[in-house]
Amino acid sequence: MEIKFKLNRKDVVIDVDPMKRLLDVLREDFHLMGSKEGCGEGECGACTVLLDNKPITSCTANAIHANGKEILTAEGISEEPEGKLLIKCFDEANAVQCGFCFPGFLVSSYSYLQNDGEKNLDKIKTALSGNICRCTGYQKIFEGVMMACDEKENGE
Ligand code: FES
Ligand code: FES
């Protein structure tokens, strides 16, 4: 089936099994390797992407779900001003170890920054509650997002 959607701000068309997992479409057909497979069951958040600006787990979505929609992956977000800001703040907060979880954290944090952006620890924890990190401990990740909220608000 022909599936048309916007991927990282560009129009794309692909002839694919509509039930193919969106995660596999992104990685195999578009060679976007940022979205990772952790659990494969919608629990760990490593495969998170934005579908029409809402975070979803791409391992539990199918190609058909993207049809006519807009998908932003970690790769696309890393080119956006607020994505760049988040990457800088995660770096400054020493929030990354192995990095396996990070594309998912970047996507969820970007969504938070876009849709709320308040420097509020409880809200940030809730926004990132679907993402699991087995290395870093969450405190530094939250600090990175807090820093980005602060910088965005103060226009630094
Ligand atoms: S791989 Fe998709 S949520 Fe874990
Ligand atoms: S940095 Fe390794 S899983 Fe998060």
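Each remark here, short or long, concerns the structure printed above.
Residues numbered from 1 in each chain as written. Chains lettered and ligands numbered in written order. Predicted model: local features only at pLDDT ≥ 70, side-chain atom pairs only at ≥ 80, totals over all residues. Heavy atoms only, no water.

In terms of nonpolar packing, the biggest core is built from 26 residues, with F90, I124 and I141 touching the most fellow members. Secondary structure elements with two or more residues in this core: α3 (74-77), α4 (81-92), α5 (102-115) and α7 (138-153). The element contributing the most residues to this core is α5, with seven residues. Once residues lying within four places of it in the same chain are set aside, the contact partners of F90 are A95, V96, F102, L106, S109, I141, G144 and V145. Formed by 16 residues, the second largest nonpolar core is a distinct cluster that contains V12, V25, L26 and A66. (Core = buried A, V, L, I, M, F, W, Y, C linked by side-chain atoms within 4.5 Å. Buried < 20%, exposed > 50% of the residue type's maximum accessible area, 1.4 Å probe, protein only. Helix = DSSP H or I, 4+ residues; strand = E, 2+ residues; numbered from the N terminus. Contact = heavy atoms within 4.5 Å.)

A few words on the packing of α4 against α7. Interaxial distance between α4 and α7 falls to 8 Å at its minimum, and their mutual angle equals 130 degrees. Taken together, the axes of α4 and α7 are oblique relative to one another. Remark: the crossing between α4 and α7 carries right-handed chirality. Counted together, E82, L85, L86, K88, C89, F90 and E92 of α4 and I141, G144, V145, M147, A148, E151 and K152 of α7 form the full contact between these two elements. Its residues assigned to classes, the contact of α4 with α7 comprises eight nonpolar, one polar and five charged. (Axes fitted to C-alpha atoms, helices over the stretch in contact; angles between N-to-C directions. Parallel < 35°, antiparallel > 145°, perpendicular 65-115°, else oblique. Left-handed = near helix turned anticlockwise from the far one by under 90°. Nonpolar A, V, L, I, M, F, W, Y, C, P; charged D, E, K, R; others polar.)

Below, the discussion takes up the pairing of strand β1 (residues 2-7). Here β1 shows one buried face, formed by I3, F5 and L7, and one open face, formed by E2, K4 and K6. In the sheet, β1 pairs with strand β2 (residues 10-15) via six bridges, with the strands oriented antiparallel. Across the sheet, residue K6 finds its bridge partner in β2, namely D11. The turn joining β1 and β2, which pair antiparallel and follow one another in sequence, is formed by two residues; a positive phi near 50 degrees is taken by N8. Pairing geometry for β1 and strand β5 (residues 70-72), over two bridges, is parallel. Among the inter-strand pairings, L7 is bridged to a residue of β5, identified as I71. (Pairing = 2+ DSSP bridges.)

Backbone-to-backbone hydrogen bonds pair the strands of a sheet. The strands run either parallel or antiparallel. Taken in spatial order, the five strands line up as β2-β1-β5-β3-β4 in an open sheet, and their pairing is mixed. Two strands in the sheet have a free side with no partner beyond their single neighbour: β2 and β4 (54-57). Strand-to-strand twist of the sheet, defined as the mean angle between neighbouring strand axes without regard to direction, takes the value 40 degrees. Each of β3 (48-51), β4 and β5 touches α5; the most contacted strand, β3, lies at about 35 degrees to it.

Okay, the environment of I71 next. Its place among the elements puts I71 in strand β5. Filtering out sequence-adjacent residues up to four positions away, I71 remains in contact with F5, K6, L7, N8, L22, L26, V49, L50, L51 and A66.

Turning to the packing of aromatic side chains, a few remarks are in order. Inspection of every chain in the model, using the stated rule, returns five aromatic pairs. Ring geometry for F5 versus F30: centroids 5.8 Å apart, planes at 80 degrees, classification edge-to-face. In this pair, F5 sits in strand β1 while F30 sits in the loop between α1 (22-29) and β3, placing the two residues 25 residues apart along the sequence. A relative accessible area of 5% places F5 in the buried class. Taken together, a centroid distance of 4.8 Å and an interplanar angle of 85 degrees make the contact between F90 and F102 edge-to-face. (Phe/Tyr/Trp six-rings, centres within 6.5 Å; stacked < 30°, edge-to-face > 60°.)

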